[in-house]
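Structural overview for review
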Amino acid sequence: MKTLLTTLMSALLLAGCASQPVARGTADLGIIIERASGHIRIVENSTHTQLANVGGLGDLSHAAAVFSRDGRFAYVFGRDGGISKVDLLTHQLVKRVLQAGNSIGGAISSDGRIIAAQNYQPGGVKLFDADTLALLADIPALDPATGVVSKVVGLADLPGHRFAFSLFEAGQIWVVDASNPRQPVITRYPHIGQQPYDGLATMDGRYYMAGLYGEDGVALLDTWYPEKGVTRVLNGYGQGAEKQPVYKMPHLRGWSVAGDYAFFPSIGHKEAIVADNRSWEIRRHIPLAGQPVFVMARPDGKQVWANFAFPDNDTVQVIDVPTMKVVRTFKPCKGVLHFEFTARGDQVWLSCRDENRVEVYDTQTLERITTLPADNPSGIFFGWRAGRLGM
Amino acid sequence: MRPLRLLILACCLGLSGMSAWADTSNAPDPARQQALLHLLHQDCGACHGLTLKGGLGSPLTPQALSGKPMENLVATIMNGRPGTPMPPWKPFMSEAEAEWLVQWLQSQKPLDPNQ
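Everything numeric in this text was worked out from a predicted model, so none of it was measured. (Residues numbered from 1 in each chain as written. Chains lettered and ligands numbered in written order. Predicted model: local features only at pLDDT ≥ 70, side-chain atom pairs only at ≥ 80, totals over all residues. Heavy atoms only, no water.)

1. Some remarks on the overall build of chain B
Each helix and strand in chain B was counted, giving five helices and zero strands. In chain B, the succession of α and β elements from N to C terminus is α-α-α-α-α. Residue pairs at least 24 apart in sequence account for 60% of intrachain contacts in chain B once pairs closer than 6 positions are excluded. Working note: accessible area of chain B is about 5,900 Å², and carbon and sulfur atoms make up 59% of it. (Helix = DSSP H or I, 4+ residues; strand = E, 2+ residues; numbered from the N terminus. Contact = heavy atoms within 4.5 Å. Areas by Shrake-Rupley, 256 points an atom, 1.4 Å probe, with all protein chains shown as cover.)

Laid out in structure tokens, this is it:
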């Protein structure tokens, strides 16, 4: 009788287990944004498989994502101002709020408790509780001196519950200390240059930089010495060359520091700019196949990969950092919108918007490993971002 | 899902509405129309939004474009707008094609402002 009971109980337990999700580590997971359909695909790096397709995330035509620090939840920021919180283990959309009319991205605080969203319309930043997505604070991008309302770009997290972002119209950088997230303290840096279009915090969380559209240069804030204010680096990087029209704004956010160098996409010029990552002096210009959109270093820093604006968005180039030369140019597909390295850079995943697939490459051999189907894929975000600053 | 459905609806309405004026203008052939609409949503959409409701660039909805003279809109597409990030699209389309795109945009069903 006892044996029968044990057998029965084991069977019940097993049956119970079958309906539970498989236990897995979140550090191997990621998401692929499907921009037209408002879905994300949850993927696993080691197996190159899709685990789930989660819908109902709204307009993802320009979407970005951050991860909770345990790596379990992805927060997806949609163009329609939506923030969607997705459980990567149960594959559920657990919460969604519409917080603005037109949004572009977001960040998560260093303690993982605050989600910040950056908005175009109405321009500003809003802070939310990461658990409940309840609103904590609203910071309109209204310059008190001039009354100018700006679109917010380049939001990044900094150590110590702080966020930095740039104001496109006003030409300012603001740093928000959200130690008390219901009463954030704002430090404003005016006159940083014309039309900052994107920004990034370096991986150590020390520097915040804003790329300028209105002039050849980058505004730099050293957050260890905020009293020194914002300085200008990479000034006149276009070397006096006639500025070319830009068919897609470059993105600065990402891994762009490789070894002793920082790599920047030049705006309006078909090249990457290489600067010393402490003095920020320009060391080199590397000619490229088109106007770069993303110029991102493999996590070990030995390679830098670049994709390009229309009409060269079928091309990807690989720069070898020790020789500073392009070592591979290939055309994986039409509409390469984004790419993401795995945590230690053994693979890179490329989204092929116009050919409805994601290509996975081995970064050592530069050979394709596999292809995954995806509907109009754009951004690819892997769970290792959970543990990084400036992501 | 809703924006996509609206987009599809908008496309259908646009395409059916198009025949009314397609015969009387130098309308591009159907394959070229497809290519232009792809360019509009994907590449113009990089700044103006995939659903054309605006982003870093201004909205391209019928409301936003109403009252603006055709020649100014075509000139903006062809030559860009100095002092802003709007680039010239002259290398990628003809003036007649830009005009067709403006007509397509203006013929769309106005979006619900709450969407």
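2. Quick word on the sheet that holds strand E16 (residues 196-201) of chain A
Pairing between sheet strands relies on hydrogen bonds along the backbone, with the strands arranged either parallel or antiparallel. All names here are of chain A. On the basis of which strands lie adjacent, the open sheet formed by four strands has the order E16-E17-E18-E19 and antiparallel pairing. In the strand order of this sheet, the two ends are held by E16 and strand E19 (230-233), each with one partner. Between one strand axis and the next, the sheet turns through 25° on average, direction left out of account. Bridge analysis of E16 against strand E17 (residues 207-212) gives five bridges, and the strand direction is antiparallel. Residue pairing across strands places Ala201 opposite Tyr208, the latter belonging to E17. (Pairing = 2+ DSSP bridges. Axes fitted to C-alpha atoms, helices over the stretch in contact; angles between N-to-C directions.)

3. A word on the interface of chain A and chain B
The partner chain B presents 24 residues to the 23 residues of chain A that form the contact. Buried surface at the junction of chain A and chain B, summed over both partners, amounts to about 2,100 Å²; 58% is from carbon and sulfur atoms. Where chain A meets chain B, there are zero salt bridges. Run the count over chain A and chain B and you get six residue pairs in polar contact (both at pLDDT 80 or more). (Buried area = accessible area lost by both parts, 1.4 Å probe. Salt bridge = Lys/Arg side-chain N within 4 Å of Asp/Glu carboxyl O. Polar contact = N/O pair within 3.5 Å; in protein donor to acceptor, adjacent residues only side chain to side chain.)

4. Here we look at the pairing of strand E22 (residues 271-276) of chain A
Residue and element names in this part refer to chain A. Across the six residues of E22, six count as buried, placing the element largely inside the fold. Burial along E22 is two-sided: Glu271, Ile273 and Ala275 and Ala272, Val274 and Asp276, pointing in opposite directions, are all buried. Summarising the sheet, strand E21 (residues 261-265) and E22 pair through five bridges and their orientation is antiparallel. When the sheet's bridge partners are listed, Phe263 is paired in E22 with Val274. Here E21 folds back onto E22 in antiparallel fashion, the turn holding five residues, of which Gly268 has a positive phi close to 80°. Across five bridges, E22 lies against strand E23 (residues 282-287) in antiparallel orientation. Along E23, the bridge assignment pairs Ile273 with His285. The loop that links E22 with its antiparallel partner E23 comprises five residues; one of these, Trp280, has a positive phi angle of about 65°. (Buried < 20%, exposed > 50% of the residue type's maximum accessible area, 1.4 Å probe, protein only.)

5. As for the pairing of strand E12 (residues 152-158) of chain A
All names here are of chain A. With seven of seven residues buried, E12 is to be regarded as a mostly interior element. Judged from the five bridges that link them, E12 and strand E13 (residues 162-167) form a sheet pairing that is antiparallel. Its bridge partner being in E13, Asp157 is matched across the sheet by Phe163. The hairpin formed by E12 and E13 contains three residues between the paired strands, and Gly160 there has a positive phi angle of roughly 75°.

6. A few points about the packing of helix H4 (residues 70-79) of chain B against helix H5 (residues 95-106) of chain B
Residues and elements named next belong to chain B. Interhelical geometry of H4 versus H5 gives an angle of 120° and a closest axis separation of 9 Å. Classified by the interaxial angle, the pair formed by H4 and H5 is oblique. Here H4 runs over H5; the crossing is right-handed. The segment H4 lies against H5, with Met70, Leu73, Val74, Ile77 and Met78 engaging Glu95, Ala98, Glu99, Val102, Gln103 and Gln106. Of the residues in the contact of H4 with H5, the class split is seven nonpolar, two polar and two charged. (Parallel < 35°, antiparallel > 145°, perpendicular 65-115°, else oblique. Left-handed = near helix turned anticlockwise from the far one by under 90°. Nonpolar A, V, L, I, M, F, W, Y, C, P; charged D, E, K, R; others polar.)

7. Details of the pattern of salt bridges
Throughout the structure, instances matching the rule amount to 19 salt bridges over all chains. In this structure, Asp314 of chain A engages Lys331 of chain A in a salt bridge whose closest nitrogen and oxygen atoms are separated by 3.5 Å. Placement of the pair is Asp314 of chain A in the loop between strand E25 (303-308) and strand E26 (316-320) and Lys331 of chain A in the loop between strand E27 (325-330) and strand E28 (336-341), with a sequence separation of 17 residues. On the accessibility criterion, Asp314 of chain A (22% relative accessible area) is partly exposed. Here Glu97 of chain B and Arg32 of chain B are joined by a salt bridge, their closest N and O atoms 2.8 Å apart. With Glu97 of chain B in helix H5 and Arg32 of chain B in helix H2 (residues 30-48), the pair connects residues that are 65 residues apart, well separated along the chain.

8. Describing the confidence of the model for chain B
Residues and elements named next belong to chain B. Overall, the prediction assigns chain B a mean pLDDT of 79, with 73% of residues at 70 or greater. Model confidence for chain B, summarised as mean pLDDT per element, is weakest for helix H1 (residues 2-22) at 42 and strongest for H4 at 96. Long-range and interchain partners of residues 1-24, a stretch whose pLDDT sits below 50, account for 26 contacts in this model, where long-range means more than four residues apart. (pLDDT = per-residue confidence, 0-100.)

9. Points about the confidence of the model for chain A
Residues and elements named next belong to chain A. Of all residues in chain A, 94% have pLDDT values of 70 or greater, and the mean over the chain is 91. Least confident of the elements in chain A is helix H1 (residues 2-18), whose mean pLDDT is 49; most confident is strand E14 (residues 172-177), at 98. The low-confidence segment residues 11-19 (pLDDT under 50) makes zero contacts with residues lying over four places distant or belonging to another chain.

10. Digging into the side chain of His48 of chain B
All names here are of chain B. Positionally, His48 belongs in helix H2. Here His48 falls in the buried class, since its relative accessible area comes to 11%. Non-local contacts of His48, meaning those with residues more than four positions away in its chain, are made with Lys53, Gly54, Gly55, Gly57, Ser58, Leu60 and Met86.

11. Focus on the state of the cysteines
Residues and elements named next belong to chain A. Evaluation of the coordinates by the stated rule reveals one disulfide over all chains. Paired through a disulfide, Cys333 and Cys352 show a sulfur-sulfur distance of 1.9 Å. Every disulfide takes its handedness from the sign of the S-S torsion; for Cys333 and Cys352 that torsion is -75°, giving left-handed. With Cys333 in the loop between E27 and E28 and Cys352 in strand E29 (residues 347-352), this pair connects stretches of sequence that are 19 residues apart. (Disulfide = S-S within 2.5 Å.)

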